Amino acid sequence: MTKLPVRAITQPSHHGSTNTTTQQTLIHRPGHCYQLHRPHLGLKHHRGGGGGGGGGGGADHEDDCDDDSASGPPRHKQPKISESPQSPPQQQQQSQSQQPPQLEPNQQQHQQQQQPMLAAQVPLPQPLSSKNLVYMPPSHLQHHIQRVQHHSPPSLNPHHPHQHATPQLRHKQQQQQQSIQNQIPHPILTGGQQQQTDLSQQQFESWPTTSHISCLYPEILALIFSRLSVQDRGRAAQVCSAWREAAQHRSVWRNVEARLHLRKHSTPVFQCMERRGIKRVQILSLTMRRGLGDVFRGLPKLQSLSLSGCYNMSDAGLNGALTGAFPSLTELNLSLCKNITDASLAKIAQYMKNLEVLELGGCGNVSNSGLHVIAWGLRKLKRLDLRSCWHISDVGIGYVAGQSQEAEGNMELEHLGLQDCQRLSDEGLRHLANGLGNTLKSINLSFCVLITDSGMKHVAKIQSLRELNLRSCDNISEIGMAYLAEGNSKISSLDVSFCDKVGDQALQNISQGLYNLRSLSLSACPISDEGIHKISKNQQELETLHIGQCSRLTDQSVFSIVENMPKIRSIDLYGCTRITKQGLSRIWNLPLVSLNLGLWQELSR
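Keep in mind it's a predicted model, so treat the numbers as computed, not measured. (Residues numbered from 1 in each chain as written. Predicted model: local features only at pLDDT ≥ 70, side-chain atom pairs only at ≥ 80, totals over all residues. Heavy atoms only, no water.)

## Observations regarding the overall build of the chain
Check the secondary structure of the chain and you find 22 helices and 21 strands. Taking all 605 residues of the chain together, 41% fall into the buried category. The long-range fraction of contacts in the chain, counting pairs at least 24 apart against all pairs at least 6 apart in sequence, stands at 71%. When the accessible surface of the chain is totalled, it reaches about 33900 Å², and 49% of it is carbon and sulfur. (Helix = DSSP H or I, 4+ residues; strand = E, 2+ residues; numbered from the N terminus. Buried < 20%, exposed > 50% of the residue type's maximum accessible area, 1.4 Å probe, protein only. Contact = heavy atoms within 4.5 Å. Areas by Shrake-Rupley, 256 points an atom, 1.4 Å probe, with all protein chains shown as cover.)

## Side note on the nonpolar core
Soluble, globular proteins show a tendency: their nonpolar side chains are buried together. Ranked by internal contacts, the top residues of the largest apolar core, which has 117 residues, are Ile-283, Leu-305, Leu-432, Leu-468, Leu-494 and Ile-547. If you tally residues by element for this core, the top one is helix α12 (residues 342-351), at 4 residues. Mapped onto the domain boundaries, this core takes at least three residues apiece from domain 1 (215-254) and domain 2 (477-604). Setting aside residues no more than four positions away along its own chain, Leu-432 makes contact with Ile-397, Ala-401, Leu-416, Leu-418, Gly-437, Leu-440 and Ile-443. (Core = buried A, V, L, I, M, F, W, Y, C linked by side-chain atoms within 4.5 Å. Domains from an automatic or database assignment.)

## Re the environment of Glu-274
Looking at the secondary structure, you find Glu-274 in helix α9 (residues 267-275). Residues contacting Glu-274, with those up to four places away along its chain left out, are Arg-250, Gly-298, Leu-299, Pro-300 and Lys-301.

## Topic: the state of the cysteines
Evaluated as defined, the whole model comprises 0 disulfides. Of all cysteine sulfurs in the structure, the one in Cys-310 sits closest to Cys-337, which takes part in no disulfide; the separation is 5.7 Å. Its sulfur unpaired, Cys-363 is 5.8 Å from the next cysteine sulfur, which belongs to Cys-337. Classification of Cys-363 by relative accessible area gives buried; the value is 0%. (Disulfide = S-S within 2.5 Å.)

## Considerations on the confidence of the model for the chain
Here the chain averages 76 in pLDDT, while 64% of its residues score no lower than 70. Here residues 32-100 is a poorly scored stretch, pLDDT under 50, and it has 94 contacts once near neighbours within four places are set aside; other chains count. Below a pLDDT of 50 lies the segment residues 116-136, which in the model reaches 30 contacts outside its immediate sequence neighbourhood of four places, other chains included. (pLDDT = per-residue confidence, 0-100.)

## Notes on the packing of aromatic side chains
Per the stated rule, a full pass over the model turns up 2 aromatic pairs. For the pair Phe-296 and Phe-326, a centre-to-centre distance of 4.8 Å together with 70 degrees between the ring planes defines the contact as edge-to-face. Taken as a pair, Phe-296 in helix α10 (residues 291-298) and Phe-326 in the loop between α11 (315-321) and β11 (331-333) lie far apart in primary sequence, 30 residues in all. Its end group placed over the ring of Trp-253, Arg-233 keeps NZ or CZ at 6.0 Å from the ring centre. For Lys-353, the ring lying beneath its charged end belongs to Trp-376, and the centroid distance is 4.7 Å. (Phe/Tyr/Trp six-rings, centres within 6.5 Å; stacked < 30°, edge-to-face > 60°. Lys NZ or Arg CZ within 6 Å of the ring centre and 35° of its normal.)

Structure follows, in structure tokens:
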């Protein structure tokens, strides 16, 4: 055996990116390859046996490799120990079959230094307890095993390049992997329910938090924001950039009506509204002469515009704003704009051909000429409110109903408000019956003092009519109710409140002909328990009954209602002071949604 000179050998590090350079000694034996001398393994001294050619023993360290022919009787050769890396269990088996090697002081010191290093590389399994158990998602399990295997010592790592795949080693590797899996925390199952223990702050931050609201898709955030109030939607857009992007989605602002005070030029405001898809605007105040023009220019797809209560709105402001066709607008509210005249209506009929709703309540300067241009230009109109337009007469209603050769009329009209039109008479109702008998669904004739019972003949001919309001029509009596009943009217809602001539006989006429009735208002009418009894017998499908301020009603009326109207949902007993607690106790048996007992407790004492 020949000892080669000491040389520097560079070995790659298995746990880092840098290479380490150490001084190693090569030992040459006849018939063997070069192998590194590692004194920390504690190899035995091999002293050679007799014979000249035999190849003999000798020590594997520098102090015992001087000669090959030692004196003394020949000895059997010790079995050669493999210098490949061995796992701790294999070393323990060999140490039990052989005597402990006799090491010199420098070797013992080197081995003592290596043992703590090996012990540090092989961590001992720690006992598990419920305090250090945490929940790990199954998707992280394989990654955790690979990480532990990568940092395991070479003797326990099956992927190590210098590992020999012996059966004992493979068995030990399987045991080591099983031990690693046993140390991986799993959810604790108790009673069929999963109990997750508290996570440490470091583990919680290292795991992906995909359930946080910030990780939701913008479409889902937009759906959530659409259920908030308008103010909360604006606040949500100020949280972060992701929320701002989601809050600007058009679905968040669908059907939202923006309320603005136009006091100065606000072009950026309208640009922001256009990006969010806002198509409904209500102008609360208008102090600028050209402010309405900014609305039309900034929101070219505007669908609904309300100028209700803008008293300083005039023909000049509206004519200056409407410089071209505006086909997207379908709803326009000019209620209480008292400076609007027929000239503005001519401009509207020219540039807003697709209007379906036009509110002109309180516009006292609108006359029959304005209705003429409306009947000429707004052919798609479905709702028209002419409340308190005192200059409107039967002639203008004839234009709207298409009963004049000068205008074809608004033949798609469904709702017509003629409240407080003092010049309207029964002739106007005849025009409506002849022209809009198949389309008109609702008429408001309240406070029209010139409407009489004869006009109810024409109203009964409107087969499409479902709602009729005759509130405070002083000339309507039981005769008019008889005309409605005889004409087989399909009215489902009738209001004859404050009609002084509607009494018990009128209720009998209503009960004998208006079988589709679902809502009936008789507030302040001179009716008694007899009339309520008649109508409760024949109108069992009634759901809403208003009999407030009918001072002649007693508990008998309540008993009749409870016994004969099982579908009643709303009752108004405001001011019915003759109804006692006994009658009220019977009302609680009904499936009521609304009950008005105003002034009852105070006046019944």
